[in-house]
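# What the coordinates show
Now for the letters of each chain:
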Amino acid sequence: MKTALTIAGSDSSGGAGIQADIKTMTANGVYAMSAVTALTAQNTTGVTDILEATPAFLAAELDAVFTDIYPDAVKIGMVSSSALIEVIADKLRQYGAERIVVDPVMVATSGARLISETAVETLKERLLPLATVLTPNIPEAELLAGMTITGPEGMEAAARTISERYGCAVLCKGGHQINDADDLLWRKVGGKWFRGRRIDNPNTHGTGCTLSSAIASNLAKGHDLDTSVERAKEYISGALSAQLDLGRGAGPMNHMFDLKGAFVE
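Description of the structure in this document. (Residues numbered from 1 in each chain as written. Predicted model: local features only at pLDDT ≥ 70, side-chain atom pairs only at ≥ 80, totals over all residues. Heavy atoms only, no water.)

### Description of empty space enclosed by the protein
Vacant regions in the atomic arrangement are exposed by a probe of water-molecule size rolled over the atoms. On inspection of all chains with the given rule, the structure shows one cavity of 30 Å³ or more. Considering only enclosed or pocket space, the largest cavity measures out at about 60 Å³ in volume. For the largest cavity, the full set of lining residues is Ile 76, Gly 77, Met 78, Val 79, Val 102, Asp 103, Pro 104, Val 105, Met 106, Ile 115, Leu 123 and Leu 127. Residue classes in the lining of the largest cavity are distributed as ten nonpolar, one polar and one charged. (1 Å grid on protein atoms, 1.4 Å probe; cavity = no way out; pocket = protein on both sides within 12 Å on 5 of 7 lines; lining within 4 Å. Points joined across faces, edges and corners; volume = space filled by probe spheres on them. Nonpolar A, V, L, I, M, F, W, Y, C, P; charged D, E, K, R; others polar.)

The structure is reproduced here in structure tokens:
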């Protein structure tokens, strides 16, 4: 069985973070492992507290994974401090990690900044150049490219700028009222649009985590990047179409919508 590692924060409500990553990886047929960067107390209505891992403990987690069950792909989610970003970059280089998917979680859907300016700079300098593919949303792409995006042409300009700046592929995700379900994959050879269908579901908590984890899972299984993105978009469409409705706020998706078997009931 192929393996994948998620390096991200814990979501106690199970809709995003490592919980969503592990569900997604399992549903996509790979063995999931995790290195926790932070504990969060959160539910569908918001985050109430955060307890960050120490750099030494995160390093120990990564050593434990890489020296025993080596991951075929790595997904990296929100990392809020420069010290933790430095640890991740050092360990990825030390162990020669490949097929690295970075979801550069810097800006919330509300527009609020999630990590400090210093941490953003460390992310740019140390982690992004190691990525196989970045998966920014519109506000994150604007931040990384240093430009405003108002439509498809802006997505193309930003994705090209980010790709050239960090030497990796970029999947610029639609949304935020811009190309809502259409994503753009940009590499040295140019851009490719992946069209998606708009699904009327207000419960979209964890979509970014889920998409990046599904891409990592498919890369781990040996699919090329185009196929991995296409399969990931199909998976997230299925999870949204299941219309799970839990919690009092923006609820999670049904990551296990395709699960069948004797132990389900």
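### Digging into the nonpolar core
Core analysis: the largest hydrophobic core is formed by 48 residues, its most contacted members being Ile 76 and Leu 92. Per-element tally for this core: the top contributor is helix α3 (residues 82–94), with six residues. Residues in contact with Leu 92, not counting those within four places in the same chain, are Phe 66, Val 74, Ile 76, Ala 97, Ile 100, Leu 127 and Leu 130. Ranked by size, the runner-up nonpolar core spans 26 residues in total, among them Met 25, Leu 185, Leu 219 and Ala 232. (Core = buried A, V, L, I, M, F, W, Y, C linked by side-chain atoms within 4.5 Å. Buried < 20%, exposed > 50% of the residue type's maximum accessible area, 1.4 Å probe, protein only. Helix = DSSP H or I, 4+ residues; strand = E, 2+ residues; numbered from the N terminus. Contact = heavy atoms within 4.5 Å.)

### Brief notes about the sheet that holds strand β5 (residues 100–102)
Where strands meet in a sheet, backbone hydrogen bonds hold them as pairs that are either parallel or antiparallel. Across the sheet, nine strands lie side by side as β3-β2-β1-β4-β5-β6-β7-β8-β9; this open sheet has mixed pairing. If you trace the sheet from one side to the other, it starts and ends with β3 (46–52) and β9 (190–194), each paired once. Two elements, strand β1 (residues 3–11) and strand β4 (residues 73–76), share four bridges in a ladder whose sense is parallel. In the strand pairing of β4, Leu 5 is matched with Val 74. Running over the sheet, helix α7 (residues 207–220) touches β1, β4, β5, β6 (133–134), β7 (169–172) and β8 (183–187) and is turned about 170° from β4. (Pairing = 2+ DSSP bridges. Axes fitted to C-alpha atoms, helices over the stretch in contact; angles between N-to-C directions.)

These values are about where atoms sit, not about what they do.
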